[in-house]
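# Inside the fold
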Amino acid sequence: WDDADFSRGVGTTFYQEFSTLNTAKPPFVRDVEAKVRRYLRSSYSAAWTLKITWEKAPVHAARTDTRKTITYQAVLTTDGFRSYILMLYQDGGMQWDYTRLTSTNVLIGYT
């Protein structure tokens with residue numbers, strides 16, 4: 001989802017899938033539903049949710065500095081008809097110096 005570099009053994013990526021069609025919903029899924037309802041002012045009941053976490057991800061070209069990392073998540077969710085994505089960033093977690101990236105057109109989020 002970005003120009004992270006895991007080649008030096010720093011940072012990790014993991015995911016968790018929640019299939020909640022006709023099952024009890026764990027607190028995480030209930031929280032995602034509440035966020036969708038609040039931000040979009042829409043009724044929403046998730047049938048499936050995927051949480052992907054990039055933990056302590058170093059910026060591309062980390063061979064020079066692996067101390068500046070970022071932890072963030074992408075949460076994909078659908079009720080079978082509508083789909084949403086939440087991009088979540090750890091408070092104070094953006095340690096990358098975007099002025100030193102090879103690309104100057106940096107965007108947080110998606111288009």
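Residues numbered from 1 in each chain as written. Predicted model: local features only at pLDDT ≥ 70, side-chain atom pairs only at ≥ 80, totals over all residues. Heavy atoms only, no water.

The chain appears in an unreviewed UniProt entry as MUC4 protein from Agelaius phoeniceus.

## Thoughts on helix α1 (residues 27–40)
Rule in force here: Secondary structure elements follow DSSP: runs of H or I no shorter than four residues count as helices, runs of E no shorter than two count as strands, and numbering proceeds from the N terminus. Take the number of residues in a helix, subtract one, and multiply by 1.5 Å to get its expected span. Burial classification: accessible surface area is computed with a 1.4 Å probe over protein chains only, and a residue below 20% of its type maximum counts as buried, one above 50% as exposed, and the rest as partly exposed. The reported arc concerns the directions from the helix axis to the C-beta atoms and nothing else.
In this model α1 runs 20 Å from its N-terminal to its C-terminal C-alpha over 14 residues, within 8% of the 20 Å that 1.5 Å per residue would give. Buried residues of α1: Val-29, Val-32, Glu-33, Lys-35 and Val-36, and no others. Down the axis, α1 shows its buried residues gathered within 160° of arc, on one side only. Facing away from the buried side of α1, by more than 90 degrees, are the exposed residues Pro-27 and Arg-38.

## Some points on the pattern of salt bridges
Note the cut-off: When a carboxyl oxygen of Asp or Glu is within 4 Å of a side-chain nitrogen of Lys or Arg, the pair counts as a salt bridge.
Throughout the structure, instances matching the rule amount to four salt bridges. With a shortest N-O distance of 2.5 Å, Glu-33 and Lys-25 are connected by a salt bridge. Of the two residues, Glu-33 and Lys-25, both sit in the buried class. Connected through salt bridges with shared partners, the residues Lys-25, Glu-33 and Arg-37 form a single ionic network.

## Quick word on the packing of aromatic side chains
Keep this limit in mind: For Phe, Tyr and Trp, rings pair up if their centres lie within 6.5 Å, where Trp contributes its six-membered ring, and each pair is then called stacked (planes under 30 degrees apart), edge-to-face (over 60) or tilted (otherwise). Two conditions define a charge located above a ring, namely a distance within 6 Å from the ring centre to NZ of Lys or CZ of Arg, and an angle within 35 degrees of the ring normal.
Scanning the entire structure with this criterion turns up four aromatic pairs. Considering the side-chain rings of Phe-18 and Phe-28, the 5.3 Å spacing of their centres and the 25° angle between planes classify their relative orientation as stacked. Remark: Phe-28 occurs in helix α1 and Phe-18 occurs in strand β1 (residues 12–19); sequence separation between them is ten residues. By relative accessible area, Phe-18 is classed as buried at 10%. Residue classification places Phe-28 among the partly exposed positions, given a relative accessible area of 21%. Summarising the aromatic geometry, the rings of Tyr-44 and Tyr-84 are spaced 5.2 Å apart at their centres and angled 85° between planes, so their arrangement reads as edge-to-face. Within this pair, whereas Tyr-44 is found in the loop between α1 and β2 (48–58), its partner Tyr-84 is found in strand β4 (residues 83–89), the two being separated by 40 residues in sequence. Judged by relative accessible area, Tyr-44 falls into the buried class, the value being 3%. Over the aromatic face of Phe-28 sits the side chain of Lys-51, whose NZ or CZ is 4.5 Å from the ring centroid.

## A closer look at the sheet that holds strand β3 (residues 69–78)
Spelled out, the test is: Strand pairing is defined by DSSP finding a minimum of two bridges between the two strands. The angle between two axes is taken between their N-to-C directions and runs from 0 to 180 degrees, where each axis is a line fitted to C-alpha atoms and a helix contributes only its stretch in contact.
The four strands are arranged β1-β2-β3-β4 in an open sheet whose pairing can be described as antiparallel. The open sheet terminates on both sides in strands that have one partner only, identified here as β1 and β4. Ignoring which end each strand starts from, the neighbouring axes of this sheet average 10° apart. Pairing geometry for β3 and β4, over seven bridges, is antiparallel. By the bridge assignment for β4, Leu-76 is matched with Ile-85.

## Details of the environment of Ala-74
On the secondary structure map, Ala-74 appears in strand β3. Judged by its relative accessible area of 0%, Ala-74 is buried. Between the C-alpha atom of Ala-74 and that of Tyr-15, which follows or precedes it by 59 residues, the distance is 9.5 Å.

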